[in-house]
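# Architecture and fold: a report
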Amino acid sequence: AIAAEKAAAERVQDLEAEATPESIMMSTMTEESEKERTDRELLVPWLKFLWETYRSVLDILRSNSKLEIVYHKTAERAFTFCGKFKRKTEFRRLCEMLRTHLSNLQKAGAAPATVATDKRLRGWDGWTPESIELHLQTRFKQLEITTELELWTEGFRTVEDIHSIMHISKKPPKAKLMATYYQKLTKIFWVSENYLFHAYAWYKYFTLTEGHNQRLTEDERRDMASNVLLAALSIPKLNEATGRSDKIFDTDDIASAKNQRMATLLGFHSNPTRTGLIEELLAKKILDLVIPSVKALYEQLEEKFHPLDMVKEVQPTLAELSAHESLDIYVTPVTRLLILRSLRQLSTVYHSVRISHFKDLVGKLNLSDNEIEKMIVAAVKDKQVQVRVDHQTGCLRFGEAILESDNMRMQLTTLATQLHKVSEIIEPPNVLNPEKTAERAAFFSLVRDNMEREHHLALNRKNIIERRKEEEERRQQEKLKHEERIRLEAEKERQRQEAERLKADAKKREQEKFAKMKAEMERDNMVSMLKSIGKDVSNVDGLTEKDRDRILDEAKESAIKARDDEAQQALDKAKRIDYITRALRDEEIPMIQQQYQTIQSADVEAHKLRCEELKKKHRADWEADIAAKAKVSKMAGHRATFEDEIMAERQAAYDEEHARLRQEAYDKKIARARRKKAEMEEREQAEAEERERQQQIERQREAELEAEREAEREAEEATQRAEAEARDKADAEAREREAAAPPQAEKWRPGAGRRDDGPSRDSGNDRFGRGGFDDGPRRGGGGGFGARDDAPRRGGYDDAPRRGGY
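Residues numbered from 1 in each chain as written. Predicted model: local features only at pLDDT ≥ 70, side-chain atom pairs only at ≥ 80, totals over all residues. Heavy atoms only, no water.

## Observations regarding the overall build of the protein chain
- Secondary structure summary: the protein chain contains 24 helices and 3 strands in total.
- Counting all 806 residues of the protein chain, 25% fall into the buried class.
- For the protein chain, long-range pairs separated by at least 24 residues make up 66% of all intrachain contacts whose partners lie at least 6 apart in sequence.
- Here the protein chain has roughly 57500 Å² of accessible surface; of this, 54% comes from carbon and sulfur atoms. (Helix = DSSP H or I, 4+ residues; strand = E, 2+ residues; numbered from the N terminus. Buried < 20%, exposed > 50% of the residue type's maximum accessible area, 1.4 Å probe, protein only. Contact = heavy atoms within 4.5 Å. Areas by Shrake-Rupley, 256 points an atom, 1.4 Å probe, with all protein chains shown as cover.)

## A closer look at the sheet that holds strand β1 (residues 352–354)
- The 3 strands lie next to each other as β1-β3-β2, forming an open sheet whose pairing is antiparallel. Single-partner strands in this sheet number two, and they are β1 and β2 (387–390). Within the sheet, the average angular offset between the axes of one strand and its neighbour, ignoring direction, is 20 degrees.
- Pairing geometry for β2 and strand β3 (residues 395–398), over 4 bridges, is antiparallel. Considered in β3, the bridge of V387 is made with F398. (Pairing = 2+ DSSP bridges. Axes fitted to C-alpha atoms, helices over the stretch in contact; angles between N-to-C directions.)

## Topic: the packing of aromatic side chains
- Considering all chains together, one arrives at 7 aromatic pairs under this definition.
- On the numbers, 5.2 Å between centres and 70 degrees between planes, the contact of W190 with Y330 is edge-to-face. Here W190 is found in helix α10 (residues 175–191), whereas its partner Y330 is found in the loop between α16 (310–323) and α17 (331–349), with 140 residues between them in sequence.
- Every member of this aromatic cluster is reached through a ring pair, and the members are Y54, F81 and F85. (Phe/Tyr/Trp six-rings, centres within 6.5 Å; stacked < 30°, edge-to-face > 60°.)

## Points about a positive patch on the surface
- A cluster of basic side chains, namely K171, K174, K176 and R215, defines a positive patch on the protein surface.
- Here R215 lies in the loop between α11 (195–212) and α12 (218–233).
- We classify R215 as exposed; its relative accessible area is 75%. (Patch = residues over 30% accessible without salt bridge, like charges linked within 9 Å, V, L, I, M, F, W, Y side chains within 5 Å. Salt bridge = Lys/Arg side-chain N within 4 Å of Asp/Glu carboxyl O. Lys, Arg positive; Asp, Glu negative; His and termini not counted. Charge placed at Lys NZ, Arg CZ, Asp CG, Glu CD.)

## A closer look at empty space enclosed by the protein
- Summed over all chains, the structure comprises 2 cavities of 30 Å³ or more.
- A volume near 60 Å³ is recorded for the largest cavity.
- L61, R62, S63, N64, S65, E68, Y71, H72, L105, W124 and H135 are the residues that line the largest cavity.
- If you tally residues by element for the lining of the largest cavity, the top one is helix α5 (residues 68–84), at 3 residues.
- By residue class, the composition of the lining of the largest cavity is 4 nonpolar, 5 polar and 2 charged. (1 Å grid on protein atoms, 1.4 Å probe; cavity = no way out; pocket = protein on both sides within 12 Å on 5 of 7 lines; lining within 4 Å. Points joined across faces, edges and corners; volume = space filled by probe spheres on them. Nonpolar A, V, L, I, M, F, W, Y, C, P; charged D, E, K, R; others polar.)

## A look at the side chain of N227
- Examined against the element boundaries, N227 turns out to sit in helix α12.
- Take N227: its relative accessible area is 6%, and that puts it in the buried class.
- A distance of 2.8 Å separates a polar side-chain atom of N227 from the backbone oxygen of D223.
- Setting aside its immediate chain neighbours within four residues, N227 contacts W202, S326, L327 and Y330. (Polar contact = N/O pair within 3.5 Å; in protein donor to acceptor, adjacent residues only side chain to side chain.)

## A look at a negative patch on the surface
- Among the surface-exposed residues, E704, E708, E712, E714, E716 and E717 lie close enough to one another that they form a single negatively charged patch.
- Tracing the backbone shows E712 in helix α24 (residues 636–740).

## Some points on the pattern of salt bridges
- Per the counting criterion, the structure on display carries 38 salt bridges.
- When the shortest N-O distance is used, the salt bridge between E471 and R475 registers 3.7 Å. Residue E471 and its partner R475 are located together in helix α22 (residues 434–532), separated by 4 residues, close to a single helical turn.
- Several salt bridges share partner residues, and in doing so they unite E96, R99, E154, R157 and D161 into one network.

## What to know about unusual backbone geometry
- Unlike most non-glycine residues, K86 shows phi in positive territory, near 55 degrees.
- Assignment of secondary structure puts K86 in the loop between α5 and α6 (88–110).
- Despite not being glycine, E150 has its phi angle at roughly 60 degrees, a positive value.
- With respect to the helices and strands, the residue E150 is situated in the loop between α8 (129–149) and α9 (152–168).
- Classification of E150 as exposed rests on a relative accessible area of 54%.

## Section: a nonpolar patch on the surface
- A cluster of nonpolar side chains, namely F305, L308, V349 and Y350, defines an oily patch on the protein surface of about 370 Å² accessible area.
- By relative accessible area, which is 32% here, Y350 ends up partly exposed.

## Points about the nonpolar core
- Y181, L230 and F358 are the most contacted members of the largest nonpolar core, which totals 79 residues.
- Considering each element in turn, this core owes the most residues, 11 residues, to α11.
- In this structure, A78, F79, L98 and L151 belong to the second largest nonpolar core, which totals 20 residues. (Core = buried A, V, L, I, M, F, W, Y, C linked by side-chain atoms within 4.5 Å.)

## Details of the packing of α12 against helix α15 (residues 292–303)
- Between α12 and α15, the shortest axis-to-axis distance is 10 Å and the interhelical angle comes to 20 degrees. The orientation of α12 with respect to α15, classified from their angle, is roughly parallel. As α12 packs across α15, the resulting crossing turns out to be left-handed. Contact residues: α12 offers S226, L229, L230 and L233, while α15 offers V294, L297, Y298 and E302.
- Looking at side-chain class alone, the contact of α12 with α15 contains 6 nonpolar, 1 polar and 1 charged residues. (Parallel < 35°, antiparallel > 145°, perpendicular 65-115°, else oblique. Left-handed = near helix turned anticlockwise from the far one by under 90°.)

## Let's talk about α8
- In this model α8 runs 30 Å from its N-terminal to its C-terminal C-alpha over 21 residues, within 8% of the 30 Å that 1.5 Å per residue would give.
- Remark: E150 follows α8 within two positions and exhibits a positive phi of approximately 60 degrees. (Expected span 1.5 Å × (residues − 1).)

## Things to note about helix α19 (residues 369–381)
- An ideal rise of 1.5 Å per residue puts 18 Å on 13 residues; α19 measures up with 18 Å between its terminal C-alpha atoms.
- Of the residues making up α19, those classed as buried are I372, M375, I376 and A379. Across the axial projection of α19, the buried residues extend over an arc of 100 degrees, all falling on one side. Opposite its buried face, α19 presents the exposed residues K374 and K381, each directed more than 90 degrees away.
- For α19, the secondary structure elements touched by its buried residues are α17, α18 (355–361), β2 and β3. (Arc of directions from axis to C-beta.)

## Notes on the side chain of S131
- Structurally, the position occupied by S131 is in helix α8.
- Taking the relative accessible area as the measure of exposure, S131 reaches 1% and is therefore buried.

## Notes on the state of the cysteines
- A complete count under the given rule lists 0 disulfides for this structure.
- C82 carries a free sulfur, and the closest cysteine sulfur to it, the one in C95, is 7.8 Å from it.
- Judged by its relative accessible area of 0%, C82 falls in the buried class. (Disulfide = S-S within 2.5 Å.)

## Focus on the pairing of β3
- Sheet topology note: the β1/β3 ladder contains 3 bridges and is antiparallel. Each residue of the ladder has a partner; that of S352, found in β3, is R397.

The structure is reproduced here in structure tokens:
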């Protein structure tokens, strides 16, 4: 019966459609209307009632935080209803309704002022971790029903909703929910034939399940690992031997935007690639977890090079995969990859292959010629392989046909060289044309004469260009640094303003929340006051401030009057009770006195009787005790002996136990002292080792510092020696130039030489060389090291170098 109801319900396309053109035409031909037949046959009334109930409850509770659990439970039951009766149209409407509710809540969370003025969101308290968790659970249930109904477009939109909800919360969802999320993504990406993201979704699902599912068996782990590796192998784009980079995004803007959205859903900020995924799987040693046939398939497709035997060796593995329950879906994409691999390996060995031979190689795959040719064309379109199908000659031609390829790049140069050799053989330049030969010889002689100058000019030009380039690079770097500094300062300012804005928004939200709570409390007080004085509370929101003050005054006056009336009534009631109580007590006094006398006399008689009975009992007990004493008095001596024996045994046991405890306490004290002594010795030894280690570190540091200082001194001395040698060389060259220069006939004139060179060479005081006894400042000035007035100058008594030296 339930199956019949489901089948009947599935035949109804839309529960909200009142009439269709077919039903209208049917109603004109029969007396019984379509609605009556549907009511009787397809059980529409209760289905429609149930659907309307779910929709009304969700619409009422969409912004009520107190009943949020009821809202989400109702949504899950509505999803179950749609999945049970295959209600695809109602499911789309339900998803759109929940998406609208979520959008309104997100807008309200982003704009607090709207929340304060919107009456429909009055009961919503904002986003909380519990609220976000409930929304995620509801969307995961929605995604589950989406996959059951195979509504993949709606599933993709649901995944986007889940991603937007995750961005609201700073806390990541539970691992179980995320595993379910990625499991559903694998189906969505597989149906959309996006094998790259299908593989990444499988990888995420496998990682979460392996890390958090403690009850995962080895067989389940092996099947999941095999699915992950096969999903990665099924990615058709290889991009290993082409000039393109390893990217998955197309140049088309729409496809690029779509792929970027998919990458965002999986949590990737960069472009994922097939190579990166396989390398990550190999790093995690997933080959050790997969079944042997999948491992063998990976080795045959990715590691081995056997273009002629590849299909023959992979065919048994594909047959095993076809027989597997959960891995058979990957046979088709792996077959496509096998064709692509065969083409690429053949292109590295052969320049051309006959089509019939290629069909023989892939004949065991049970593919038609049309399918194989479509795969080849698709691979060429995606630039995975360079091949041309030549049906005229019946062969496949590999390689590029452009002039700029690596194979054709040097062909023009080679052709020109060979043609020049041929021309020289046909017309030797030195035999047939002597004039031309002489001109060529003169031209080459001129070239040889100017070669050195041109070489120097080229070097100078190169140096100038290099300096300009370095200067331009330096300016560019300074400009980039300046721009980066400005950008960082702007970013800091923006972050500061953003923090201030967030702080102001939080403060504003808090004030608005308090104002809202105050308004709600005032409204509740007003409603309670109106109810207390018997007024109508239906238009309490439309009252003006004057009306509210008037109602408050009336309510206060009414409350004061009611309180006074109650106080007067209580006072009158107290007086009346006081008069009645006094009258009753006046009437009860004689009766109470008579009753007291009767009870007192009865108590005296009863006391006398009890005293007599007590005396008789005590007399009988005393006589019995005297008789018992007479009987046991003759055993007194034996009792004393027995007591002495017992006490002696107890004393001996006590002494023994006391001695044992004293010895045990002494042993513990000795052990404790030994332990403390050992600990102290260990501590002292550790402290000594630490001091020795610190001293060794200090010694090493001092040795390093001494070595550094020694190296600095040696470097400084080497620099000074080099400067002295350079100065000596310069002085020697200067003396040589002066010796080679012709003698000057005229005397020295003021201002004609160096300012501080002293007397000229023609003076009689030149026996000590240039400068004589002049103690004027030497070259290098008084600012160098050793610039004392009494130090010998250059050309004086001491010819040691003094320029800026010691």
